[in-house]
Amino acid sequence: MATQDGIFNTEIAALTLVRRSKVSEPMPCVYGLGLGVTVQGGKRVTLGEDIYDYAEGQTLVASVDVPVVSHITSASVQRPFLGLHLSLDSKVLGQAVANMDFNDQYNNTRQSAMSVVDADDGILDAINRLIRLLKEPQLIPLVAPLIQEEIVFRLLQSPHSYQLRQIVTAGSASQKIAKILYWLKQNYKDDFSIVDLAAEAHMSESTFRQHFREVTKLSPLQYIKNLRLQEARQLMLNQRLDANTAALQVGYESASQFSREYTRFFGRPPLKDINALRLSNAFF
């Protein structure tokens, strides 16, 4: 694991390592399809009204792109937070589901984009092998995909199974919503109606709204606004765009409306927020 504080990309493109030596303030962000593991310390992720605490030896899986609020809850210089995130491939997940047989052990009627469970020895062993592989970069292109596929198979044999299967099961409500969320991620700056989204999901408008909120804990309009504000923040932070330019690029027609909604969502006006983030290194 990392020996200094920060968020570290690795030679394995899907794998990110995290180290923090102090607790952090709640930070709005977007989680995509992936696996989070707390190696040491503790973390809290809030999705709507649902709170997910996961500590040492626990795993969090997000099955679709969802806006969350995340922060480190247990960390110190003597015992820093150590964690990792592994992005999952939806195609690999779909192929794995097609090749496996499932019983009813982990069936769950509750739709949700996230779940937290204790990691079993098989998952931990596979993750450890993936991390050790970083010391053998010449083997990464050959071996890393195999270990990542193994991790997917093991997740599908864990309590995360139902949640992951639903997003690749043709015709399920979760799979339909997942397709809409993927489309929104690519087209959030465009103009469209909820009626259009419901028709694309082959649902009535009321059914679409119900399933959308069950998965994301947000209404469709809240979700779209969240995506736009998050992307604008990234543009200002990483590309150093001013607030007006960022607002236009994410689909806002009114700079004043953008500033109001940004301040309400992040707690500070755009310029103050970006300056504070740079000073705190919260995103680095």
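Below or above, wherever it landed, is the structure these notes cover. (Residues numbered from 1 in each chain as written. Predicted model: local features only at pLDDT ≥ 70, side-chain atom pairs only at ≥ 80, totals over all residues. Heavy atoms only, no water.)

1. As for the overall build of the protein chain
Selection criterion: Helix and strand definitions here come from DSSP, where helices need a minimum of 4 consecutive H or I residues and strands a minimum of 2 consecutive E residues; each element is numbered from the N-terminal end. For this measure, only C-alpha atoms enter the radius of gyration; the expected value for a globule follows 2.2 Å times N^0.38, where N is the number of residues. Should any heavy atoms of two residues lie within 4.5 Å, those residues are considered in contact. Calculation of accessible area relied on Shrake-Rupley with a 1.4 Å probe; when residues are assessed, cover is drawn exclusively from the protein chains displayed. The positive count covers Lys and Arg only, the negative count covers Asp and Glu only, and His and the chain ends enter neither. Taken as the charge location is NZ of Lys, CZ of Arg, CG of Asp or CD of Glu.
Check the secondary structure of the protein chain and you find 11 helices and 10 strands. For 284 residues, the compact-globule estimate of 2.2 N^0.38 gives 19 Å, and the protein chain sits close to it at 19 Å. For the protein chain, the C-alpha atoms occupy an extent of roughly 50 × 50 × 35 Å along the three principal directions. Within the protein chain, counting contacts between residues at least 6 apart in sequence, those at least 24 apart form 70% of the total. Accessible area of the protein chain: about 14700 Å², with a carbon and sulfur share of 49%. Side chains of the protein chain give 29 positive and 29 negative charges; the mean places of these two sets differ by 6 Å.

2. Examining the sheet that holds strand β3 (residues 27–31)
The cut-off we apply is this: Strands were regarded as paired on the criterion that DSSP finds at least two bridges between them. To obtain an axis, a line is fitted to C-alpha atoms, over the contacting stretch when the element is a helix, and the angle between two such axes runs from 0 to 180 degrees between their N-to-C directions.
Spatially, four strands are ordered β3-β8-β5-β6 in an open sheet, and the strand pairing comes out antiparallel. Each edge of the open sheet carries a strand with a single partner, namely β3 and β6 (50–55). Direction aside, neighbouring strands of the sheet carry axes that sit 35° apart on average. With five bridges joining them, β3 and strand β8 (residues 66–74) adopt antiparallel strand pairing. The residue bridging Met-27 from the neighbouring strand is Ser-70, located in β8. Lying on the sheet, helix α8 (residues 220–238) is in contact with β3 and β8; it crosses β3 at an angle near 105°.

3. Here we look at the pattern of salt bridges
Selection rule: The term salt bridge refers to a side-chain nitrogen of Lys or Arg lying within 4 Å of a carboxyl oxygen of Asp or Glu. Only protein chains enter the area calculation, which uses a 1.4 Å probe; residues under 20% of their type maximum are buried, those over 50% are exposed, and those in between are partly exposed.
In the structure shown here, the tally under the stated rule is 12 salt bridges. One salt bridge in this structure joins Asp-125 and Arg-129, with 3.0 Å as the shortest N-O distance. Pair noted here: Asp-125 and Arg-129 are both in helix α2 (residues 121–132), with a separation of four residues, about one helical turn. We classify Asp-125 as partly exposed; its relative accessible area is 36%.

4. What to know about the nonpolar core
Let me state the cut-off plainly: Take the buried residues of types Ala, Val, Leu, Ile, Met, Phe, Trp, Tyr and Cys, join any two whose side-chain atoms come within 4.5 Å, and each joined set is a nonpolar core.
Tyr-31, Met-114, Ile-151, Leu-184 and Phe-208 are the most contacted members of the largest nonpolar core, which has 78 residues in total. Broken down by element, this core gets its largest block of residues, eight residues, from α8. Those residues in contact with Leu-184, other than ones at most four positions away along the chain, are Phe-192, Leu-197, Phe-212, Tyr-223, Ile-224 and Leu-227.

5. Things to note about the side chain of Arg-228
Relative to the elements of secondary structure, Arg-228 occurs in helix α8. Despite its burial, Arg-228 pairs with no opposite charge, the nearest such side chain being Asp-191 at 4.6 Å. Contact partners of Arg-228, with chain neighbours within four places excluded, come to Tyr-188, Lys-189, Asp-190, Val-250, Gly-251 and Tyr-252.

6. Section: the sheet that holds strand β9 (residues 81–87)
In space, the six strands of this open sheet follow the order β1-β2-β9-β4-β7-β10, with antiparallel pairing throughout. With one partner strand each, in any of the chains shown, β1 (6–9) and β10 (114–118) form the two edges of the open sheet. Sheet twist, expressed as the mean angle between neighbouring strand axes with direction ignored, is 20°. Sheet topology places strand β4 (residues 34–40) next to β9; six bridges connect them, and they run antiparallel. The residue of β9 that forms the bridge with Gly-36 is His-85. α2 rests against β2 (15–20), β4, β7 (58–62) and β9 of the sheet, and its axis sits at about 90° to β9.

7. Side note on the layout of surface pockets
Here is the rule we go by: Using a 1 Å grid laid over the protein atoms alone, points where a 1.4 Å probe fits but cannot get out form a cavity; open sets with protein on both sides within 12 Å along at least 5 of 7 lines form a pocket; any residue with an atom within 4 Å of a point counts as lining. Grid points are joined across faces, edges and corners, and a volume is the space filled by probe spheres set on the points.
A volume near 370 Å³ is recorded for the second largest pocket. Residue lining of the second largest pocket: 15 residues in total, with Leu-33, Ser-63, Ser-90, Ala-178 and Tyr-182 positioned closest to the centre. Counting only elements with at least two residues in the lining of the second largest pocket, the list comes to α1 (90–99) and α5 (173–187). When residues of the lining of the second largest pocket are assigned to their parent elements, the largest contribution, six residues, is made by α5.

8. Points about the environment of Asp-121
Looking at where Asp-121 falls in the secondary structure, it is placed in helix α2. With relative accessibility at 65%, the residue Asp-121 sits in the exposed group. Between the C-alpha atom of Asp-121 and that of Arg-154, which follows or precedes it by 33 residues, the distance is 10 Å.

9. Considerations on the packing of aromatic side chains
Rules: Stacked, edge-to-face and tilted labels apply to pairs of Phe, Tyr and Trp rings (six-membered ring for Trp) whose centres lie within 6.5 Å, assigned for plane angles under 30 degrees, over 60, and everything in between, in that order. Whether a charge lies above a ring is judged from NZ of Lys or CZ of Arg, which has to be within 6 Å of the ring centre and within 35 degrees of the ring normal.
Going through the model one piece at a time under the given rule, you end up with seven aromatic pairs. Look at Tyr-262 and Phe-266: their rings are 4.5 Å apart centre to centre, the planes differ by 50°, and that puts the pair in the tilted class. Here Tyr-262 and its partner Phe-266 are both found in helix α10 (residues 255–266), four residues apart, which amounts to about one turn of the helix. Each member of the pair, Tyr-262 together with Phe-266, is buried. Counting every residue linked through ring pairs, the aromatic cluster contains Tyr-252, Phe-258, Tyr-262, Phe-265 and Phe-266. Of note, Arg-165 hangs over the ring of Phe-102, and the distance from its end group to the ring centre comes to 4.4 Å.

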